[in-house]
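One letter stands for each residue in the lines below.
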Amino acid sequence: MREWRRVIAGSAEGRREKEDRNDAALWSKCPKCGEVLYRRELAANLDVCTRCGYHFRMGAHDRIRSIADGDFTEIGEEVVSSDPLGWSDRKPYPAKLSADRERSGLSESVVCGFATVGEHPVALGVMDFHFRGGTMGRVAGERITLLLEEAERRKVPCIIFAASGGARMEEGMVALIQLAKTTAAVARFMEAGNFFVTVLTDPTTGGVSASFAFQADVIVAEPKAMIGFAGRRVIEQTIRQRLPDQFQTAEFLLEKGAIDMVVDRRNLKETLVRLLEYAKAR
Amino acid sequence: MSNNIIVEREKGMAELERRIAELRQASAAQPLDMSTEVAALEQKYREILQELFGTLSPWEKVHMARHPARPTSLDYISRFDRFDELHGDRHFRDDPSIVGGFALLHSRPVVVIGQQRGRDTKENLRRNFGMPSPEGYRKASRLARLAGRLGLPIVTFVDTKGADPGISSEEHAQSEAIATCLQVFSTARVPIVATIVGEGGSGGALALAIADHVMMLEYSTYSVASPEGCAAILWSDAGKAEEAAARLKLTADDLRRFGIVDEIVPEPLGGAHRDAAEVVTRTLQAVDAALARLAALSVERLLEERYRKYRLLGEWQAEGLKPVGKPH
């Protein structure tokens, strides 16, 4: 399963390039039902397994294409990674960043910008798990804050797609403080009367779930997405027992009252457009 | 055997302390003057203390922050002129790992909120080792909103390994509870002073640490993850915790340099528990001074400065730090 994940990792461009070189990459195996899927067909189905409906983790650019009507104007791309702690573990942090950049075709774990969705102008922030596990460090915090501030100026709704392992360990407290920063920006944005929607995708955990992801007016999640504060392994170690499979899934959170709806990716754009219509109708 | 390296070290000191006390007693009971011997032993004791605790590594500070005898939030709160505890989240239950209520600090009415670990095993079980559940964070949000409405400044004490990672906490939306806390503190229309008195563990600590003035005790720690957790994730080896502690930059000095902490409250040689009364006095004086300064600001100015402060954190290193690679 891990191997398959590695083959499908990365943005559409990266993938397509690899596809040309590597025949094996023409196919992806569904980690849920085992079906072998033709990649182009899978992409046409928004990275949802045509047999069982399993939602593959989607790259940020593919996501934007699936939601925006057309043009997308990126902001914050000039904010680039630095190494505030001079971090190194198995590899130096800058080397990890370079490797992920190469592999994913992204400059950081979130892409932010403006587009129209069903002809409604919106601010879009899209996290990508393929870059450092979607973790939030200085860059992600800064880009999301810039997005919210610009959305407030333009008085347009903001939709953020979360996909994150939490705060980025390699940036230490500088990463943790991004929770405070993004939260404050969301608070201002919402207090000014603007509409905020988050879409929680697999996985949304840790610091990202405990900040802007759960601050939204409407919280949507993709089917079976793993969503929670503490990681499954941490909880299992704490309570010394295995958790049921359903625990921390989108459906579980819906039942517990933590989120508003679970929406299949293939109906997601339509759902978001309907929500945007209510916000506009005020 | 304790797994706290500071406690282990203190056991060696205890023998010397006992001998000094004995000698003092003997000296008082006898006509024979033994004051030179006592003085010599005391001198030796001070030297050893200096050697053992004079300079502490980040890992030693982690253990100092977790010391079982270290003053807890209630040790500070009980020294306020008055404290009337308020309970409950108004939804589900009262979480004893967060205490809070109205209080008078040097005759100034405030709302005080602190994370409370146990001072013994029994209390630790009751207070869940100071790891708050969503109910605790909801109580904190409720009290902070109350403070905002009444115009009372908020004083917090941070001391937690982290938010509770249990089944019930997930079922009751720990993420939402912490996110709301962050939001309420970032928008509260009153001055906030936070002090990290022990362990500041990740988002669970940050939830009570968004403030206009953030203080840290000299040997407390504040980190994105526990050194053990960090080591387990990055090296798959919890044994690398000491190395992780050094790399995480979790000490008061490091965080003061980053601008994440505004003031450090000094501790006596050997840690706060060696002179708890003095440490509490110093801390409360520093809290009071910060509140006096913040009281002079208009609400608009206060909120704008708080926003800018967090807005610029993370911006600070943009200058002077080389970006890694080129933007795409």
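Residues numbered from 1 in each chain as written. Chains lettered and ligands numbered in written order. Predicted model: local features only at pLDDT ≥ 70, side-chain atom pairs only at ≥ 80, totals over all residues.

Details of the pairing of strand β5 (residues 120-127) of chain A
Residue and element names in this part refer to chain A.
Here's step 1: Counting buried positions along β5 gives six out of eight residues, so the element sits mostly inside the fold.
Here's step 2: As judged from the eight bridges shared by strand β4 (residues 110-117) and β5, these two strands associate in the antiparallel manner. The residue bridging Val-117 from the neighbouring strand is His-120, located in β5.
Here's step 3: Following β4, the chain reverses through two residues before pairing antiparallel with β5; Gly-118 in that reversal takes a positive phi of roughly 60°.
Here's step 4: For β5 and strand β6 (residues 158-164), the ladder comprises four bridges, and the chain directions are parallel. What sits directly across from Gly-125, in β6, is Ile-160. (Buried ≥ 20, exposed ≤ 12 C-beta atoms within 10 Å, placed from the backbone. Helix = DSSP H or I, 4+ residues; strand = E, 2+ residues; numbered from the N terminus. Pairing = 2+ DSSP bridges.)

Comments concerning the interface of chain B and chain A
Here's step 1: Taken together, the 48 residues of chain B in the interface contact 52 residues of chain A.
Here's step 2: Secondary structure elements with two or more residues in the side of chain B that touches chain A: α7 (167-171), α8 (174-187), α9 (202-206), β7 (221-223), α10 (227-234), α12 (252-258) and α14 (299-312) of chain B.
Here's step 3: Among the elements that make up the side of chain B that touches chain A, the one with the highest residue count is α8 of chain B (nine residues).
Here's step 4: Considered class by class, the residues forming the side of chain B that touches chain A number 27 nonpolar, 13 polar and eight charged. (Contact = placed C-beta atoms within 7 Å. Nonpolar A, V, L, I, M, F, W, Y, C, P; charged D, E, K, R; others polar.)

Regarding unusual backbone geometry
Glycine aside, the phi torsion of most residues is negative, and most peptide linkages are trans.
Here's step 1: The omega torsion across Asp-202 of chain A and Pro-203 of chain A is -10°, close enough to zero to call that bond cis.
Here's step 2: Of note, Pro-203 of chain A is situated in strand β7 (residues 196-205).
Here's step 3: Even without being glycine, Gln-248 of chain A reaches a positive phi, approximately 65°.
Here's step 4: By secondary structure assignment, the location of Gln-248 of chain A is in the loop between α9 (232-239) and α10 (250-256).
Here's step 5: Look at Gln-248 of chain A and you get buried, because 24 C-beta atoms sit within 10 Å.
Here's step 6: Here the phi dihedral of Phe-129 of chain B falls at roughly 55°; this positive angle occurs in a residue that is not glycine.
Here's step 7: Mapped onto the elements, Phe-129 of chain B comes out in the loop between α5 (121-126) and α6 (134-150).

Re the environment of Gly-105 of chain A
Here's step 1: Among the structural elements, Gly-105 of chain A can be located in the loop between α5 (93-104) and β4.
Here's step 2: Through-space distance from the C-alpha of Gly-105 of chain A to that of Gly-207 of chain A is 24 Å; in sequence the pair is 102 residues apart.

Focus on the domain arrangement of chain A
Here's step 1: In terms of domain boundaries, chain A breaks down into domain 1 (1-56) and domain 2 (58-280).
Here's step 2: The distance between the C-alpha centroids of domain 1 of chain A and domain 2 of chain A comes to 22 Å. (Domains from an automatic or database assignment.)

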